[in-house]
Structure formats: structure tokens, C-alpha cells
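The lines below spell out each chain.
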Amino acid sequence: MAYKKFNAIFLPNTLKTQLKRYLLLGVFFVFSSLSFNKSAFANQHCEIKQISPQITSANTLNKQTPLRLKIQSGRVQYSVNCQLQQAGVLSFNRSTLERFEWRQNDEIHNPIRYNKPAYFIDSGATTALLTLYSPVEFRPVFKWQPMPVFIQKSQQQNLILGLFYGLCITLILYVLIMGSRLNDDTFKLYSLYIFCIGGFILMQEGQLYLFLTSQHSSSLFNIYLLFIGLCVLSATWFICALLQIKTSWPKVDTALKCLAVVVMLFSVLQILFKTPQVWALLSKATGYVTLCIVGCVFVLSALQARKGIREATLVFIALSFVFVSMIFRILLIDESPFMRRYGLIIAFAVESFLLAVAVSRRISRMRIAKKCAETEADYDHLCGILNRRGWCKKSADLIEHHIKSGGVLCLIYIDLDDFKQINDTHGHAVGDQALCKVAHHLKAIVRSNDVIGRLGGDEFVVLAHFYTKAQVSPKVHFLKTELAKLTIDHNTEQLAIKASVGSAVFSDPPRNIDELLKAGDAAMYHEKLKRKATPLTLVDL
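Report on the accompanying structure.

A tally of helices and strands in the protein yields 15 helices and 18 strands. For the protein, the proportion of its 541 residues judged to be buried stands at 43%. The contacts of the protein with a sequence gap of at least 6 include a subset with a gap of at least 24, amounting to 75%. Taken as a whole, the protein presents about 29,200 Å² of accessible surface, with 61% of it coming from carbon and sulfur.

Quick look at the pairing of strand β10 (residues 141-146) now. Counting buried positions along β10 yields 5 of 6 residues, so the element is predominantly enclosed. Of the strand pairs in this sheet, strand β3 (residues 67-68) and β10 are connected by 2 bridges, and their pairing is antiparallel. Within the sheet, the bridge partner assigned to R68 lies in β10 and is V141. Two strands pair when backbone bridges link them, and strand β5 (residues 88-92) and β10 are joined in this way by 5 bridges, in the antiparallel orientation. Looking across to β10, one finds that G88 is bridged to P146.

This brings us to the side chain of K257. Inspection of the secondary structure assignment puts K257 in helix α7 (residues 250-272). The class for K257 is buried, based on a relative accessible area of 19%. Filtering out sequence-adjacent residues up to four positions away, K257 remains in contact with T236, W237 and C240.

On to the packing of aromatic side chains. The final tally for this structure, using the stated rule, is 15 aromatic pairs. Aromatic pair F298 and F316: ring centres 4.7 Å apart, planes at 20 degrees, arrangement stacked. Taken together, the positions of F298 in helix α8 (residues 276-307) and F316 in helix α9 (residues 312-330) put the pair 18 residues apart, joining distant regions of the chain. Aromatic ring contacts, followed pair by pair, group Y78, F92, F100, W102, Y119 and F142 into a single cluster.

This part is about the packing of helix α13 (residues 428-445) against helix α14 (residues 472-484). Packing of α13 against α14 brings their axes to within 11 Å, and their N-to-C directions diverge by 145 degrees. Of the two elements, α13 crosses α14, and the hand of that crossing is right-handed. Across the interface between the two elements, V438, H441, L442 and I445 of α13 pack against K475, F478, L479, E482 and L483 of α14. Across the contact of α13 with α14, the residue classes break down as 6 nonpolar, 1 polar and 2 charged.

On to the state of the cysteines. Under the counting rule described, the total for this entry stands at 1 disulfide. One disulfide in the model links C46 with C82; its S-S distance is 2.0 Å. Taking the sign of the S-S torsion, about 115 degrees here, the bridge from C46 to C82 comes out right-handed. You can see C46 sitting in strand β1 (residues 45-52) and its partner C82 sitting in strand β4 (residues 72-84), a full 36 residues away along the chain. Under the relative-accessibility criterion, C46 is labelled buried at 0%. A disulfide-free cysteine, C196 has its sulfur positioned 5.3 Å from the sulfur of C231, the nearest such atom.

Together, L226, V268, L272, F273 and V278 give the surface a local cluster of nonpolar side chains, amounting to about 410 Å² of exposed area. Examined against the element boundaries, L272 turns out to sit in helix α7. What makes L272 exposed here is its relative accessible area of 59%.

Looking now at the nonpolar core. Nonpolar side chains in soluble globular proteins tend to be buried together. Formed by 65 residues in total, the largest nonpolar core has its most connected members in Y190 and I201. Residue assignment for this core shows that the elements contributing at least two residues are α3 (147-182), α4 (185-205), α5 (217-242), α7, α8, α9 and α10 (337-378). Of all the elements, α5 adds the most residues to this core, at 12 residues. With sequence-adjacent residues up to four places away left out, Y190 is seen in contact with L171, V175, F238, S352, L355, A356 and V359. Of all hydrophobic cores here, the second largest spans 31 residues; its members include C383, V430, V438 and L486.

Another point: the sheet that holds strand β2 (residues 59-61). Pairing is antiparallel in the open sheet, where 6 strands are placed in the order β2-β1-β4-β9-β6-β7. This sheet does not close on itself; its edge strands, each paired only once, are β2 and β7 (107-109). This sheet shows a mean twist of 30 degrees between the axes of neighbouring strands, independent of strand direction.

Strand order in the open sheet formed by 4 strands is β3-β10-β5-β8, with antiparallel pairing between adjacent strands. A single partner strand is all that each edge strand has here, and the edge strands are β3 and β8 (118-121).

Every second residue of strand β6 (residues 99-104) is oriented toward a common face, the buried set being F100, W102 and Q104 and the non-buried set R99, E101 and R103. Sheet topology places β6 next to strand β9 (residues 124-138); 5 bridges connect them, and they run antiparallel. Across the sheet, residue W102 finds its bridge partner in β9, namely L130. In terms of strand pairing, β6 meets β7 through 3 bridges, oriented antiparallel. Within β7, the residue paired with W102 across the bridge is H109. Linking β6 to β7, which pair antiparallel, is a turn of 2 residues; within it N105 sits at a positive phi near 55 degrees.

Calculation notes
- Residues numbered from 1 in each chain as written.
- Predicted model: local features only at pLDDT ≥ 70, side-chain atom pairs only at ≥ 80, totals over all residues.
- Heavy atoms only, no water.
- Helix = DSSP H or I, 4+ residues; strand = E, 2+ residues; numbered from the N terminus.
- Buried < 20%, exposed > 50% of the residue type's maximum accessible area, 1.4 Å probe, protein only.
- Contact = heavy atoms within 4.5 Å.
- Areas by Shrake-Rupley, 256 points an atom, 1.4 Å probe, with all protein chains shown as cover.
- Pairing = 2+ DSSP bridges.
- Phe/Tyr/Trp six-rings, centres within 6.5 Å; stacked < 30°, edge-to-face > 60°.
- Axes fitted to C-alpha atoms, helices over the stretch in contact; angles between N-to-C directions.
- Left-handed = near helix turned anticlockwise from the far one by under 90°.
- Nonpolar A, V, L, I, M, F, W, Y, C, P; charged D, E, K, R; others polar.
- Disulfide = S-S within 2.5 Å.
- Patch = residues over 30% accessible without salt bridge, like charges linked within 9 Å, V, L, I, M, F, W, Y side chains within 5 Å.
- Salt bridge = Lys/Arg side-chain N within 4 Å of Asp/Glu carboxyl O.
- Core = buried A, V, L, I, M, F, W, Y, C linked by side-chain atoms within 4.5 Å.

This is the structure we're talking about:
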């Protein structure tokens, strides 16, 4: 009621009539636009009809919807009739094609530079004759796209594949550099595998045709076949090494590698023999043997994962993607065109990433093991300090510091007196206790940047850096005094540890480590001769 009063007061009848007219016109315009666009879209299509070697009914190719035709071989001709509202591009798969020709208005047109054969079609009515020649079985797949969509899709595809190729190159360089440092052939095999994957995808997707002409089709297809065999061969060798299959199942390892060699042989034979019957047989054999290898390695990776073999779980997950994509590519060819076309690319991308993680873990583990081995080799396990090898390495660093910052170096050379008598009288266990006591005490009284080491037997060395010579004498005197106080407990007695301590000071950097040790050894013997060495005695409490 209030609404009617509002209309009566504020909206005159003429105004209400005009508003109704405008509203009806707007609705009519919207529906007209939608129906026009729908009809325009419906009218945009191409018809493809085979006219040689046999005539078939026409097939309608709609916008951005792939049209898959029957498998053909040899020379096949198609009549193409298009009715388009806007210009577009007709493309088809290259696969095993050796030659193709687009004839329009009795003129041969050149294809657009694209990773697949593609031809520009102007708006309006277009009639053309398309000739394809493939020496072996070939399934044509046609696709029509408006020009803006074609440009956008091609740029997206090239960008994504460019990122994939960049990932491959990065992984190859990273693993090669790390593998050369760690001297492990597994990393070289992984680099070879990634190279083969990159080459296979590059040949399959046809990015090289952006730079080459169709005259190179036959050569590039042969390289593509070669990369198929190389992918299987390198993958089998690499994964067998990564999963340590030779250690667990040596015969299975040999059998898998032999099958990989067979696949490589099939790829070479496909290049040499391109008669339809032989090629089809070799193609199927290559696919089935490859699927068999992937399935076997997939099962073995699961078994190795259960055993706790490192990286086996990651390999299992990676191979699951490849295994599924191979099933669609070989067994379920017509089930999913998307999986047949892009499944292997996605699987390889995921597999490359997961295997890169596995290889990275292996690299980290080997670096840790190498570092631990170097640490083990540089340390004296009895005394818990550097041995001669480790001390020489650390001393070289301290000499470099001396060269850069100046000051003086002091080598303190320590030799235990009558150590043989300790071993002979009280046993080697007591002698070892004396050595450990000296090492422990040296670590406690020297500075953190001083280098302590046991050269062997009863000889110890300390290399210290000072900024002035005045700092050297107090430090050497303090060390001698502290060593003179050393005792060890044996049964209910205390045995004194006596040592001769010599020191050599270097204002100029020494030429090498041997010069340091010779000077320190001479100083120590000089000290030993200056005083009469006393045998170990009981210390009065």
C-alpha cells in the first residue's frame, strides 16, 4: 500500500511507462547479445575430410577441442573447410611426420614458426588441401584456436617448458659439481639421466622447430627415438645404483640393465627400419619392455624402502608418477588424451624434483661422512687432541694468520722423560694414562687459538701466536711450571711426570712446517742436555 502511494506521489504515469520500456529494451539487448555470440561461436568451425588414399565422412573441428582421427601411414590427404568469425590457427601433431604441405588457392603456404605444424586461417570461408606423409603409423590430432588464444597458450607453454629446461640444467650442473668433489659415480649417472629427460622432452615438444625448419624433421625425430632409449638406459643404471639393487639382488640388477640395453637397441632399430610393420612391432616392444622395467623398479623400491634403504621411499614416490603415466601412454592410449600428452612431462618434473631431493640427501650424508672421516684421520683417539696430520693442517692456518697480522710464532716442543721406563715398570696402561694426563693438562692451560698436537710416542707440540716477543717467555715459563706439577695415580701411589720443554720463536714466517718442527726439536734437546733428566719417583704427599 505504501509502495503504491510512493509511486503515485513521486513517479508520474509517463515516467513509469518510460522506465518499463527501457527495462524491456535492456533485457532484449542482453538476450540478443548472448544469442548472437552463441550463434557466432556455433558458426565458427572447421570440417576435415580425408580424401586420399580413401574417402571418409567429414569430421567437425570445434574451437579449442582436439580432433583425433584414425591411425594412418604413408601419404594421406585431407580437405579442410573452415568458416570462422575471427582469424585463427589450425595446428596438428608432428610425431612421425616426415613431410607435410598446406595448399590454399593453388599456392603452398609456409607454416607458422611453432613447436608443432600450424597454419594461419583468416576469418570467413577458407578451403585448403593438407597432405601428410609418415613412413610409419601415425594418428593425426587437429586443433583450431583463435589467434589471441593461440598466442597466449603458446607463450604459456614455452614459459613452462623453459622453466623445466632451466631446472634440468641447474640440476645437472649442481650434481656434477658436487659429484666431482665427492667422487661418486651415482651423481654422474643422475646428471646423465636428467640430460636425457631434458633432451627427450625437448624433442617431443618440438621447441627446436622455433629455430629450425621442417626440413630437419626426419633428423630430429631420429634424435627423439635415440633419447627414448637413452632415458630408459640412464634411468635404470642410476636408480639401480641409488637403491643399491646390485647389493641386494645382483641377478635382478643385471637383468634390469640388460632389458634397458634391449630398449636402447630397439630405439636404434626404429631409426634404421621404418617400414610400417617392423616399426610398429619395435614401437610396441619398446613400450612394453620399458613399462616392465618401470614396474620392476617400482616394486624393488618399495621392498628397499621396507628394508630401510636410504632414499628408497623418495624413489618409490617418484616412480609411482612415472608408472601411472606410462600405463596411460602405453596401455590406456585412448582413455585420456591429456595424460598421454602431458602425463609423462608432469611425471618427469615431479620425479626430477624428488630424485633431486634424494640426491641432495645423499650428498649431505656423504659430506658429513667425509668430514667425520677427515676428523677421525686428524685426531689422536687416545689423547683426544690433534695427531701429526691434523696438527700440521691447523698449524698451516696459523702461519697464514701470522703472515697477515704480523707478530711472532712460538713452537713449544715437549718430550716426556723416561717414558719407556713407565711402560716397562708399570705397564702400557699407566703409560697411556700419563700421555692422556699431559694432553688434558695442555688443553686446560693453553689458549683456544693455540694448536696442540701429539706427534707420536711421547712427543707433544704447541704452536702459539703472539703480537710481541715479550708475551712469549711468561707463557713458556708458565707451561713448564704447570707440566712440572703433573702426577698420575697408580694404585695407592702418585707418579710424577717429567718432561723436557724446548721453545723456538719466529719473528718471520717459517718457510714450512718442517722448519718449525726442526727448530722446536733442537730447542727441546738443548733443554734436555742442559739438565739431567730424573726418573719417575714417588711424590711425597
